[in-house]
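Notes for the structure review
Spelled out, the chains give:
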Amino acid sequence: MVVLSSLLGSAARLLGASRVRFWRRTLSKRETGPPLSVQRRCASEASSDHLGSEVTRYQHLKKYFIRRLKATYHRFHSIPDYSVVCGRHHVYFIKDDGIYRTDKRGVREPEQVVNLEHVSRGEGKTRAESGERFQWTIQRIRLSPQEKHLAATLKRSPNEELRCVVVRLGERNVPLSPPHNVLLELEGVFSFEWATDDVLFYTTLEGLRSSSAFRLDLTSHGGSKISSVYEEAQPDVFVEVALSRDRQILTINGNSRTSSQVVQCPVSEPSMASWVSLFAPSPDSVIKDMDVVGDYCVLVTTTAANKLAFSVMSLSDPKETYIIQLPPWACAIETKKPGLAEQGDVLEFLLSSPVHPPAPYALDPGKGLVLSAAGNQTRAKSQDKHITTRLKARSQDGALVPVTLFHAVPVERLNQVPLLVHVYGAYGRDLDMEFCPVKRFLLEQGWALAYCHIRGGGELGLSWHRRGRVEGKQRGVEDLHACLHKLFSVGVSRPSLTALTACSAGAVPVAALCNANPNTVRAVTLQAPFLDVLGTMQKANLPLTLEDRDEWGDPVGDLNHRQIIASYCPLHNVTPQLYPSMLLTAYSGDPRVPLEGVLQYATFVKTALHSHLSRDPNADSKPASNIVLNVQPGGSHAGPEDLVQTLEEEALKVAFLYAELGLDPPPPPRKRNR
């Protein structure tokens, strides 16, 4: 059976589906929700001068926080994840220079399966000879059913070039000899799955779109044969292939912002005429992920209260569906794809939040039970030590906006603590709520962390997104303002101790709020910020402008859209006033956000600040606002992909926040007596 499903998502937004789990020093994919949101995207032809002089005032603090954050990452280096791939006879794992495997019995030394330096060579030259920087990283690994072949996708920084290598694994006890075991390399491969030992299905990325699915047959005469399987005509649909955990169902997923359904069809006739509808969510709910476990279809959903839950549906009787609530602190879920030798009727998964490291659980859909992993009682108690509070903020039009608040002390004791507020609100994508050691560090230093699930995001389903796109973009700004007002009104922090943080398209509501209500917060940090909506959406030659008109509108062909965008566009509404301090981090190699818009915005805000202060007789009595532009050479939209660069970037953000909020740095931890 083949299932073709159209689940809530967005075409080019899934490009950053793989990201680094730095505390494990391994790479894994963001299967259920982006980890890092990489939604706004346009090629930039602007220059990329690195203005490092603007960050020098924070260097001393930055060095201190590099040490502290490095220790925090080290503390969580052994948390569970599902990056190891188990085959019938070997266990496969990733190291800095490639993919290795070891015998399950542990009687042989690990051997290398894929050597990244061989991939990085140009026309047979060594890395030193070609002058090419060694920047390939491994994204995903897939084994064929009988462990005859391995396929792996690689990404090259900073241009985000994708490549898939197909490797012959051979006999169980025959040593491999890279690169001679590499059968072929496929360019631009984004998603891929083995259907049999010799048949691989995959999709390719062209520009920032994925619309085609292909079939690679390694048994064809002449070596191999590639044939087209599926072609998506709609420009806003992003095509992926996936495989169910029992390896019995191959799916072609058409991710769209405007529809959500699950259908099934027989392998013998996978055309749309044979599709049968199984399940459709209500308008105010959303499907986050889907898996088949034994005789059950398990859907990961969010409830009306924005909490994670399972919807378990019997495949023999789809009307037989029940709900299982997950722990209230859980904000992110990662399901385990079983090894080829593990076929069971239990779904293993990890639950986490920005401040709760992943904890293992298991679902028995037949019995309707969710069990904590054996020996996990200590971790479960530590998860409860940090408080998760869920609030609702009433927006200007009466809509109730969810707010997730993490804190270490009761709410009534939060009035004097620093507050870091996170927001996104675009493309129907959720805020990134996976575990982050930096967030855990801030919480342990007394910060409160708030996540505002404003309209335009996907937290409350398709309607929540629809109400925050095109004509509704201003609602997202109003939602954010309402969330801040709610937090302050219940006694959480105050404006002078509050900072906003966002990335990519999340910069739009943040910067728009700073234009309209600059005194609401004291500081702002923006990563790869999308700030020139009006200018970008008028340039049809940029790779995602036409596709993104469903999200932002068409300022060229629709005068009403142009007026709406002009009313909130951050770059075009900068005015002389006292702005909060800002740290703007951009990447010269970012293919999605034009660097030119970030540079112009920084210049406009600095000019507006200077104009305001020159006319304000009381300027000397007010806190100074610093606008810091940190343009990193190279890099992708999602930021750095190694631990050292990540620590540098995160430590600068933390140093900036402490300096601009006037906080004393936390004292070094006490050394334990032996």
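Some thoughts on the overall build of the protein
A count of helices and strands for the protein gives 13 helices and 35 strands. Considering only intrachain contacts with a sequence separation of at least 6, the fraction spanning at least 24 residues in the protein is 65%. In the form shown here, the protein has an accessible surface area of approximately 27700 Å², with 50% of it arising from carbon and sulfur atoms.

Focus on the pairing of strand β25 (residues 347-352)
Counting buried residues in β25 gives five out of six residues, a clear majority hidden from the surface. Where strand β24 (residues 332-335) meets β25, four bridges bridge the pair, whose relative direction is antiparallel. Looking at β25, one finds that Thr335 is bridged to Phe349. With five bridges joining them, β25 and strand β26 (residues 359-364) adopt antiparallel strand pairing. In the sheet register, Leu350 faces β26, and the bridge partner there is Pro360. The hairpin formed by β25 and β26 contains six residues between the paired strands.

A few points about helix α12 (residues 595-615)
Between its first and last C-alpha atoms α12 spans 31 Å; for 21 residues at 1.5 Å apiece the expected length is 30 Å, and the two agree. By the burial criterion, the buried members of α12 are Leu595, Gly597, Val598, Tyr601, Ala602, Val605, Ala608, Leu609 and His612. Looking straight down α12, one finds that the buried residues subtend no more than 165° of arc, so they occupy a single side. Across α12 from its buried face, at more than 90 degrees, point the exposed residues His610, Ser614 and Arg615. Looking at the buried side of α12, the elements it contacts are α8 (507-516), β34 (581-587) and β35 (627-632).

What to know about the pairing of strand β14 (residues 212-217)
β14 sits mainly inside the fold: five of its six residues count as buried. Inspection of the sheet shows strand β13 (residues 199-204) paired to β14 by five bridges, in the antiparallel sense. Residue Tyr202 lies in a different strand from β14, and its bridge partner there is Phe214. One ladder, built from six bridges, connects β14 with strand β15 (residues 225-231); its direction is antiparallel. Bridging across to β15, Ser212 finds its partner in Glu231.

Overview of the packing of helix α5 (residues 437-444) against helix α13 (residues 643-660)
If you want to describe how two helices pack, look at the angle between their axes and the distance between the axes. Two elements in contact, α5 and α13, have axes separated by 11 Å at closest approach and are oriented at 30°. Considering the angle they form, α5 stands roughly parallel to α13. For the pair α5 and α13, the crossing hand works out as right-handed. Across the interface between the two elements, Val438, Phe441 and Leu442 of α5 pack against Glu650, Val654 and Tyr658 of α13. Across the contact of α5 with α13, the residue classes break down as five nonpolar, no polar and one charged.

A look at the side chain of Ser581
By secondary structure assignment, the location of Ser581 is in strand β34. Of the polar contacts made by the side chain of Ser581, one reaches the backbone nitrogen of Asn626; its length is 3.0 Å. Look past the residues within four positions of Ser581 in its chain and what remains in contact with it is Arg522, Ala523, Val524, Ala624, Ser625, Asn626, Phe656 and Glu660.

Describing helix α7 (residues 473-489)
Taking 1.5 Å of rise per residue, the 17 residues of α7 would be expected to cover 24 Å, and the 25 Å separating its terminal C-alpha atoms lies within 8% of that figure. The set of residues buried in α7 consists of Lys473, Gly476, Val477, Asp479, Leu480, Ala482, Cys483, Leu484 and Leu487. One or two positions beyond α7, positive phi appears at Gly491, with a value near 95°.

A word on the packing of α7 against α8
The geometry of α7 relative to α8 is characterised by a closest axis approach of 9 Å and an angle of 70° between their N-to-C directions. On the basis of the axis angle, α7 is roughly perpendicular to α8. Packed against α7, whose contacting residues are Gly476, Val477, Leu480, His481 and Leu484, the element α8 presents Pro509, Val510, Ala512 and Leu513 at the interface. Residue classes in the contact of α7 with α8 are distributed as seven nonpolar, two polar and no charged.

Structural notes on the sheet that holds strand β8 (residues 136-143)
Taken together, the four strands give an open sheet; going across it, the order is β8-β9-β10-β11, and neighbouring strands pair in antiparallel fashion. Two strands close off the open sheet at either side, each with one partner strand: β8 and β11 (182-187). Put simply, the sheet's adjacent strands are angled 20° from each other on average, direction ignored. Bridge count for strand β9 (residues 149-156) against strand β10 (residues 161-168) is eight bridges, and the pairing is antiparallel. Across the sheet, residue Ala152 finds its bridge partner in β10, namely Val165.

Section: the packing of aromatic side chains
Under the counting rule described, the total for this entry stands at 14 aromatic pairs. Measuring from centroid to centroid gives 6.1 Å for Tyr427 and Trp552, while their planes differ by 80°, and the two rings are edge-to-face. Of this pair, Tyr427 sits in the loop between β30 (419-423) and α5 while Trp552 sits in helix α10 (residues 549-552), and the two are 125 residues apart along the sequence. Feature note: the residues Tyr64, Phe65, Phe441, Trp447 and Tyr658 constitute an aromatic cluster, connected by ring pairs. Residue placement shows Lys95 over the ring face of Tyr100; its charged tip is 5.1 Å from the ring centre. Looking at Lys473, its charged tip hangs above the ring of Trp552, at a distance of 4.1 Å from the centre.

Some words on the pattern of salt bridges
What the rule picks out here adds up to 21 salt bridges. Close ionic contact of Glu648 with Lys62 constitutes a salt bridge, the shortest N to O distance being 2.7 Å. Taken as a pair, Glu648 in helix α13 and Lys62 in helix α1 (residues 59-75) lie far apart in primary sequence, 586 residues in all. Accessibility expressed as a relative area gives 12% for Lys62, which makes it buried. For Arg156, the salt bridge goes to Glu161, with nearest N and O atoms at 3.5 Å. For Glu161, a relative accessible area of 22% corresponds to the partly exposed category.

Details of the environment of Val189
Within the fold, Val189 resides in strand β12 (residues 189-194). C-alpha of Val189 to C-alpha of Thr204: the two residues are 15 residues apart in sequence and 4.3 Å apart in space. With sequence-adjacent residues up to four places away left out, Val189 is seen in contact with Thr153, Leu162, Cys164, Tyr202, Thr203 and Thr204.

Things to note about the confidence of the model for the protein
Mean pLDDT over the protein stands at 82; residues scoring 70 or higher make up 80%. Predicted confidence for residues 1-51 stays below pLDDT 50, and this span has 226 contacts to residues more than four positions away or in other chains. In this model residues 122-133 is a low-confidence stretch, pLDDT under 50, and it forms eleven contacts with partners more than four residues away in sequence or in other chains.

Calculation rules
Residues numbered from 1 in each chain as written. Predicted model: local features only at pLDDT ≥ 70, side-chain atom pairs only at ≥ 80, totals over all residues. Heavy atoms only, no water. Helix = DSSP H or I, 4+ residues; strand = E, 2+ residues; numbered from the N terminus. Contact = heavy atoms within 4.5 Å. Areas by Shrake-Rupley, 256 points an atom, 1.4 Å probe, with all protein chains shown as cover. Buried < 20%, exposed > 50% of the residue type's maximum accessible area, 1.4 Å probe, protein only. Pairing = 2+ DSSP bridges. Expected span 1.5 Å × (residues − 1). Arc of directions from axis to C-beta. Axes fitted to C-alpha atoms, helices over the stretch in contact; angles between N-to-C directions. Parallel < 35°, antiparallel > 145°, perpendicular 65-115°, else oblique. Left-handed = near helix turned anticlockwise from the far one by under 90°. Nonpolar A, V, L, I, M, F, W, Y, C, P; charged D, E, K, R; others polar. Polar contact = N/O pair within 3.5 Å; in protein donor to acceptor, adjacent residues only side chain to side chain. Phe/Tyr/Trp six-rings, centres within 6.5 Å; stacked < 30°, edge-to-face > 60°. Lys NZ or Arg CZ within 6 Å of the ring centre and 35° of its normal. Salt bridge = Lys/Arg side-chain N within 4 Å of Asp/Glu carboxyl O. pLDDT = per-residue confidence, 0-100.

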